[in-house]
Amino acid sequence: MTSVLYDAPGPRARVRNIVYTVLFTVALGAVVWWVYDGLSSKGQLDWIKWEPFFTSTQPYTAFIWPGLQNTLIAASLALVIALPLGAVFGIARLSDHRWVRGVAGTAVEFFRAIPVLILMLFANQAYSDFTDINPDDRPLYAVVTGLVLYNASVLAEIVRAGILSLPKGQTDAAKAIGMRKGQTMTNVLLPQSVTAMLPAIVSQLVVIVKDTALGGAMLSFAELLSSVRPMSANYGANTIACFTIVAVIFIALNFVLTSAASWLERKLRRGKKSTGAVVHAGPGGGLETVGPTTLDGDAGH
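Small disclaimer: the values here were computed from a predicted structure and weren't measured. (Residues numbered from 1 in each chain as written. Predicted model: local features only at pLDDT ≥ 70, side-chain atom pairs only at ≥ 80, totals over all residues. Heavy atoms only, no water.)

1. Remarks on the overall build of the chain
Regarding its fold elements, the chain presents 10 helices and two strands. Along its sequence from the N terminus, the chain presents helices and strands in the succession α-α-α-α-α-α-α-α-α-α-β-β. Considering the chain as a whole, with its 301 residues, one finds that 34% of them fall into the buried category. A fraction of 65% describes how many contacts in the chain between residues 6 or more apart in sequence connect residues 24 or more apart. Accessible surface, the chain as shown: approximately 18400 Å² in total, 66% of it carbon and sulfur. (Helix = DSSP H or I, 4+ residues; strand = E, 2+ residues; numbered from the N terminus. Buried < 20%, exposed > 50% of the residue type's maximum accessible area, 1.4 Å probe, protein only. Contact = heavy atoms within 4.5 Å. Areas by Shrake-Rupley, 256 points an atom, 1.4 Å probe, with all protein chains shown as cover.)

What follows is the structure, encoded as structure tokens:
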């Protein structure tokens, strides 16, 4: 059976595919065995190394939970600040005023080009030299600042691309009924582009959560990943077990985040069955909005 995009393999191609599959499976099995044998020979798979995570709550209450709290605090602060800031810069890059576009574009390109770790290090030094922030709180400020500057610039491009992806007729229709540029952006373009932007925004939020670990590596920020070292030292150098548990927590955290975003995206797509608010000229010549119109044309009240 063939299609426009795919030709069914012939007898020789099927044999080659089987051979390649067998070879890949054997190679993968060899790699898995090599990793297992290496860990087993060093005692990293012994039950005594994993037992504390299944028989006691101490590893979680003393090490993992404090680190997870700091990770969530830093990621939440960065998210709350970076999202609106990125939206502002993304919209500013679409401004009719050249100087607004120039300033916004320069800021976005500058901070997007610098690695987030360098932004954190610069922020930490700046807070040390020019502020009186408590040294114990300084790593949190530096991590959040670096995450905000980098991710706001990336989110700005996501917002700009999402708005530009809409048909030009949306803007023309808004102008035809007398909407100003600001009204067009807030009432027409942004609401429609949210659904298109959501997958990219969520992927960036996952990056924010993971990048908090950079602060633990370079700024002694007590986040989730940095809890591995003291935890491993306390439980007999069970490094692999500690990294595995922390990795599972990161996976679960990001899975919850992406699942919530997927639910929100489905809800927004279902909401698009409504045509939204009806805007027309009011008696005084201004714009007047009535309730949303459903598919059968009835106005909501």
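2. Section: the side chain of Thr-212
Residue position: Thr-212 is located in helix α8 (residues 181-218). Given a relative accessible area of 0%, Thr-212 falls into the buried group.

3. Some words on the packing of helix α5 (residues 116-130) against α8
As a packed pair, α5 and α8 sit with axes 10 Å apart at the nearest point and diverge in direction by 50°. The pairing of α5 with α8 is recorded here as oblique in orientation. Judged by the twist between their axes, the crossing of α5 over α8 is right-handed. In this structure, α5 uses Val-116, Leu-117, Met-120 and Leu-121 to contact α8, whose residues at the interface are Asp-211, Leu-214, Gly-215 and Met-218. (Axes fitted to C-alpha atoms, helices over the stretch in contact; angles between N-to-C directions. Parallel < 35°, antiparallel > 145°, perpendicular 65-115°, else oblique. Left-handed = near helix turned anticlockwise from the far one by under 90°.)

This is a description of form; function is not addressed.
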